[in-house]
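Okay, here's what each chain looks like letter by letter:
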Amino acid sequence: MADAAKTLCPYCGVGCGLDVLPPAQSGRPVNRDEQGNPVWQARGDRNHPSSKGQVCIKGGTIGDSLDKDRLLYPMMRETLDQPLQRVSWDQAIERIASEILKTLADKGPDGIAMYGSGQFQTEDYYTAQKLLKGCLGTNNFDANSRLCMSSAVAGYIQSFGSDGPPCCYDDLEQTDCAFLIGTNTADCHPIVFNRLKKYHKKNRKVKMIVVDPRHTDTAKAADLHLAIKPGTDIALLNGIAYLVLKNGWIDPGFIESCTDGFSDYAQVIKSYPPERVTEICGITLSELKKAAEWWGKSERVLSLWSMGVNQSTEGTAKCRTIINLHLMTGNIGKPGAGPFSLTGQPNAMGGREAGGLAHILPGYRLVKNPEHRQAVEAVWQLPEGSISPTPGLAAWDMMLALEQEEVDVFWVAATNPAVSMPDIKRTQAALRKSPFTICQDAYYPTETAAFAHVVLPATQWGEKPGVMTNSERVVTYCSAFRRPVGEAKADWEIFAEVGRRLGFEKQFPQSTSAEVYDEFVTLTAGRLCDSTGLSHERLAAGPIQWPCPAGESDEVAHGKHDKRLYTDYRFATPNKKAKFCAFHIKGLAEPPNEDYPFVLTTGRLYGHWHTQSRTGRIERITKRYPEPMLEVNPRDAQLLEIQSEEWVEVRSQRGYAQLKVLVTQNITRGTVFMPMHWGFLWGDNTEVNALTHPEVCPISLEPELKACAVQVIPIAAP
Ligand code: SF4
């Protein structure tokens, strides 16, 4: 049997290790796709510290997608009504360079914007930052991570002085109380959930609380399910804090020596007595009391959250309100405890390390900080002042800038904004207005390619060596286990080639991704995410968690050290203390009203990934999830006179979608649920983002993709 290639699953932020084998060499019965073609086989890597051999349906079927609908060569056109024509790489790069130069002359650097992805490897992220923020002088680089966990980034920075989740997956098996809020972990981070569920089953004293308006598979495993009304999280969290304080379950020593701002916080939570909170949230007094008691009396509380918290106009406030509970009870920096935001994408964490959002720079630096800019300019061999001190356009702002004709070159790589952005009809109109759009992807067609003037074939993660970091800061080397298809190139190579064509030869001398990574880690020296002890060569021997400074021994680096941050209770703020900050509830940006009486909540299905660019091409998945369904509570269905499998039109102030109904007790009255995976490539009028609104959190700029007000109207099958 051939040796399996070691890599990481390229879907979610759990970051499961995979062993991948070519079809003919596995020594096992050959897996075949629906057409009978042999496919690459992926199975869990038993030696990976995060997943220990487990994979979910997505990781297990990844081999089926490697050769489906691949984009093989560059294509170009002048206008969107023309067909795309095959061109050489040289022609494509020349056109891109000339459009960039024209825009620099006409509009200046901020007329250029790039929208990247948590699918990038760290080397891709890093090279894109150098091109945009360094060479071109614009911070207009943002990634789809903005739609995913930027509220958690802002929450960590404001509370602790730095980004970086303080916890690790071993905490799942060492906690006394797991508090899951705004996360359907069973479907969206299945292997994290498996680890927690197994431990919870074996240890009956361990409590599991799930906060979610839906009775998800995650909620079904809980000891206490708080089915709060959408958008009432802050009232719940403040209500729990009220009871914790009232009952004296706080940690006064920790509060005194390790935090600032407790007295102001205590004043604010006093206005959240149980009778008010139960009314706002729609839960019972005994449920609230039980949650507070489990928080207050447990030695070790671990919070887990994801999009249900982050995708909100109150996203940063919600994250900080969760962190407040940890600070008041001293639940941080010790095994089984801490505030743990689960990242959505395989390398969203690596993107944060490499500076892959519009307001940050490599090594957890900020574009606003002059010393941070200088440190990066020095490594990039660029003159002082090359990096702009102004944060660039965040994801939704890029759409507004296209709408206002402020951006002339829009470069999209490894993501699909024509499906994933809020208010999708407005987004698509903005994309149509773009004078010059580049769409760089592994697959074709995608919805975004329909709006592109140039499409560029990118390699998949398994066709280029590189590095990704998962939610628990474990860095995994992803080997190139097959050759690039057609003329596809690695994302970082494409960025570097454009940079060189624009005259920045000195900035892009690297010929391998290992060299790119070596340069990147120099920018982490002395930072919280210090990775100077890492290299491709060292990581090829096995994943390592950061921080890993230069000189750290293999024994220490490979997991025999403390895996948590802030174990000395010294935070990354100037006075080394964590910061309380209290927030009052504001609620949904668009609450239901007479005309639009339901709250639509959005989310994922177990088998699908994002906009289906990959999973929509895997029959083993599409058979199981052929179409979206609208979940409706039985009493609402009765009033609407609809039954399962009948059709409805869901309307918001911005647009409509048409789909079948699933009547289920799993959703509370007044709320309906629709999955987020369908774009116009996979069905007519099935886009959830035809309904969502683009209001964002004022701090993190993350849109409130999770909720909007809708009406539901029965219709005949279209
Ligand atoms: Fe991949 Fe996430 Fe599934 Fe693990 S849990 S196999 S990382 S999709």
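The rules behind these values
- Residues numbered from 1 in each chain as written.
- Predicted model: local features only at pLDDT ≥ 70, side-chain atom pairs only at ≥ 80, totals over all residues.
- Heavy atoms only, no water.
- Helix = DSSP H or I, 4+ residues; strand = E, 2+ residues; numbered from the N terminus.
- Rg over C-alpha atoms; globule rule 2.2 N^0.38 Å.
- Buried < 20%, exposed > 50% of the residue type's maximum accessible area, 1.4 Å probe, protein only.
- Contact = heavy atoms within 4.5 Å.
- Areas by Shrake-Rupley, 256 points an atom, 1.4 Å probe, with all protein chains shown as cover.
- Salt bridge = Lys/Arg side-chain N within 4 Å of Asp/Glu carboxyl O.
- Axes fitted to C-alpha atoms, helices over the stretch in contact; angles between N-to-C directions.
- Parallel < 35°, antiparallel > 145°, perpendicular 65-115°, else oblique.
- Nonpolar A, V, L, I, M, F, W, Y, C, P; charged D, E, K, R; others polar.
- Polar contact = N/O pair within 3.5 Å; in protein donor to acceptor, adjacent residues only side chain to side chain.
- Domains from an automatic or database assignment.
- Buried area = accessible area lost by both parts, 1.4 Å probe.
- Core = buried A, V, L, I, M, F, W, Y, C linked by side-chain atoms within 4.5 Å.
- 1 Å grid on protein atoms, 1.4 Å probe; cavity = no way out; pocket = protein on both sides within 12 Å on 5 of 7 lines; lining within 4 Å.
- Points joined across faces, edges and corners; volume = space filled by probe spheres on them.
- Pairing = 2+ DSSP bridges.

S.K.: What is the right way to look at the overall build of the protein in this model?
M.R.: Counting its regular elements, the protein contains 25 helices and 28 strands. Taking 2.2 N^0.38 as the reference for a compact globule, 718 residues should give roughly 27 Å; the C-alpha atoms of the protein span a radius of gyration of 24 Å, in line with that estimate. With the C-alpha coordinates of the protein rotated into their principal frame, the extents come out at 70 × 65 × 60 Å. Looking at the protein as a whole, 65% of its 718 residues are labelled buried. Look at the contacts in the protein between residues 6 or more apart in sequence, and 73% of them connect residues 24 or more apart. A total of about 24800 Å² of accessible surface is found on the protein, and carbon and sulfur atoms cover 49% of it.

S.K.: Whenever I open this one, the pattern of salt bridges confuses me. Can you help?
M.R.: Pairing is possible between side chains that carry opposite charge, provided their charged atoms lie close to one another. Taken as a whole, this structure holds 39 salt bridges when the rule is applied. When the shortest N-O distance is used, the salt bridge between glutamate 649 and arginine 651 registers 2.7 Å. Glutamate 649 gets classed as buried once you look at its relative accessible area, which sits at 10%. If you follow the salt bridges from partner to partner, you end up with Asp67, Arg70, Glu463 and Arg482 in one network.

S.K.: What exactly am I supposed to notice about the packing of helix H8 (residues 233-246) against helix H10 (residues 262-269) here?
M.R.: Helix-helix packing is described using two parameters, namely the angle between the two axes and the distance between the axes. As a packed pair, H8 and H10 sit with axes 9 Å apart at the nearest point and diverge in direction by 110°. By the criterion of interaxial angle, the relationship of H8 to H10 is roughly perpendicular. For the pair H8 and H10, the contacting residues are Asn238, Ala241, Tyr242 and Leu245 in the first and Phe262, Tyr265, Ala266 and Ile269 in the second. Its residues placed into classes, the contact of H8 with H10 shows seven nonpolar, one polar and no charged.

S.K.: How should I be thinking about the side chain of histidine 200 in this particular structure?
M.R.: Within the fold, histidine 200 resides in helix H6 (residues 190-202). With a relative accessible area of 4%, histidine 200 lands in the buried category. A polar contact is formed between the side chain of histidine 200 and the side chain of aspartate 223, at a distance of 2.7 Å. Ignoring sequence-local partners within four residues, the contact set of histidine 200 consists of Val206, Lys207, Met208, Ala221 and Asp223.

S.K.: Please explain the domain arrangement of the protein as it appears in this structure.
M.R.: The assigned domain composition of the protein is domain 1 (5-65), domain 2 (82-136 + 357-509), domain 3 (150-341) and domain 4 (598-715). Each of domain 2 and domain 4 has a C-alpha centre, and the two are 30 Å apart. Taken together, the contacts link 24 residues of domain 2 with 21 residues of domain 4. Together domain 2 and domain 4 conceal approximately 1800 Å² of surface at their shared face, both sides included; 58% is due to carbon and sulfur atoms. In this assembly, domain 2 and domain 4 are joined by one salt bridge.

S.K.: Is there a simple way to explain the nonpolar core in this structure?
M.R.: In globular proteins that are soluble, nonpolar side chains generally tend to be buried together. Counting residues in hydrophobic clusters, the biggest one holds 110 residues, and the most contacted among them are Ile240, Met328 and Trp411. Among the domains, domain 2 (82-136 + 357-509) and domain 3 (150-341) are the pair contributing at least three residues each to this core. Each residue touching tryptophan 411, except ones within four places of it in the same chain, is listed here: Ile96, Ile100, Ala113, Met114, Tyr115, Leu131, Ile438, Gln440, Leu456, Ile494, Phe495 and Val498. Formed by 44 residues, the second largest nonpolar core is a distinct cluster that contains Val20, Leu66, Met208 and Leu304.

S.K.: Help me understand empty space enclosed by the protein in this model?
M.R.: Any empty space left between atoms is shown by rolling a water-sized probe over those atoms. All chains considered together, the criterion is met by four cavities of 30 Å³ or more. Lining the second largest cavity, in full, are Cys9, Tyr11, Cys12, Val14, Gly15, Cys16, Val55, Cys56, Lys58, Gly59, Pro190 and Ile191. Its residues assigned to classes, the lining of the second largest cavity comprises nine nonpolar, two polar and one charged.

S.K.: How do you make sense of the sheet that holds strand S16 (residues 409-413) when you look at a structure like this?
M.R.: With mixed pairing, seven strands are arranged side by side in an open sheet as S5-S4-S18-S17-S16-S6-S7. Edge positions in the sheet fall to strand S5 (85-86) and strand S7 (141-143), since each of these pairs with one other strand and no more. Summarising the sheet, strand S4 (residues 75-76) and strand S18 (residues 454-457) pair through two bridges and their orientation is antiparallel. By the bridge assignment, methionine 76 is partnered in S18 with valine 454. Sheet strands in contact with helix H3 (residues 122-136) are strand S6 (112-116), S7 and S16, and its direction is about 150° off that of S7. Those strands touched by helix H17 (residues 395-403) are S6, S7 and S16, and its axis lies near 140° from that of S6.

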